[in-house]
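Results of the structural survey
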Amino acid sequence: MARKTKKIKAAGKYRTRSGISVRKKYNAVESKQRKKQICPYCKGRVIRHSKGIWSCKKCGKKFASNAYYIE
Ligand SMILES: [Zn+2]
């Protein structure tokens, strides 16, 4: 293997497990998740507490959004 994550991006860590359709979905989520999540109120940085629960470092607001990323 020359490149470990060739073509399959973040799902490369699962190699051939789970099947291609599952890994494609995983890539879609993970690529969003890896971007910096921004507070919709003050554009500050947010922390994810658990699935869908986020809070902002800057303004201290706690809010619900998507499980793995903010839209
Ligand atoms: Zn904020």
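Here goes a summary of the coordinates provided. Residue positions are given per chain, counting from 1 as you read along its sequence in written order. Predicted model: local features are reported for residues with pLDDT of at least 70 only, side-chain atom pairs are reported and counted for 80 or more only, and whole-chain, interface and lining totals are derived from all residues. To get the side-chain values, all heavy atoms of the structure are used, and hydrogens and water are removed first.

**Topic: the nonpolar core**
In this structure, C39, V46, W54, C56, F63 and I70 together form the largest nonpolar core, which totals six residues. Contacts between residues were defined by any pair of non-hydrogen atoms, one from each residue, lying within 4.5 Å. Setting aside its immediate chain neighbours within four residues, C56 contacts C39, C42, G44, R45, V46, K61 and F63. Among buried residues, those of type Ala, Val, Leu, Ile, Met, Phe, Trp, Tyr and Cys that are joined through side-chain atoms within 4.5 Å constitute a nonpolar core. Note on exposure labels: buried denotes an accessible area under 20% of the residue type's maximum, exposed denotes more than 50%, and partly exposed covers the range between, all computed with a 1.4 Å probe on protein chains only.

**Some details on the coordination of the zinc ion**
The coordination sphere of the zinc ion, as far as protein atoms go, consists of C39 (SG), C42 (SG), C56 (SG) and C59 (SG), spread over 2.2 to 2.3 Å. Water is not among the atoms examined, so metal sites may look incomplete; donors are the N, O and S atoms within 2.8 Å of the metal, or within 3.2 Å for Na, K and Ca. Angle rules define the geometry names used: all angles between 85 and 135 degrees makes four donors tetrahedral, while opposite donors over 155 degrees apart and all other angles between 65 and 115 make four donors square planar and six octahedral, leaving every other case irregular. Coordination geometry of the zinc ion: the four donor atoms subtend angles of 105 to 119 degrees at the metal centre, consistent with an arrangement described as tetrahedral. Ordering the donors of the zinc ion by residue number gives the pattern C-x2-C-x13-C-x2-C. Residue C42 is located in the loop between α1 (20-33) and β1 (46-50), and its partner C56 is located in strand β2 (residues 53-56); the two are separated by 14 residues in the primary sequence. Helix and strand assignments come from DSSP, with helices taken as H or I runs of at least 4 residues and strands as E runs of at least 2, each series counted from the N terminus.

**Digging into the environment of V29**
Note that V29 resides in helix α1. Given the relative accessible area of 30%, V29 is considered partly exposed. Placed 40 residues apart in sequence, V29 and Y69 show a C-alpha to C-alpha distance of 8.1 Å.

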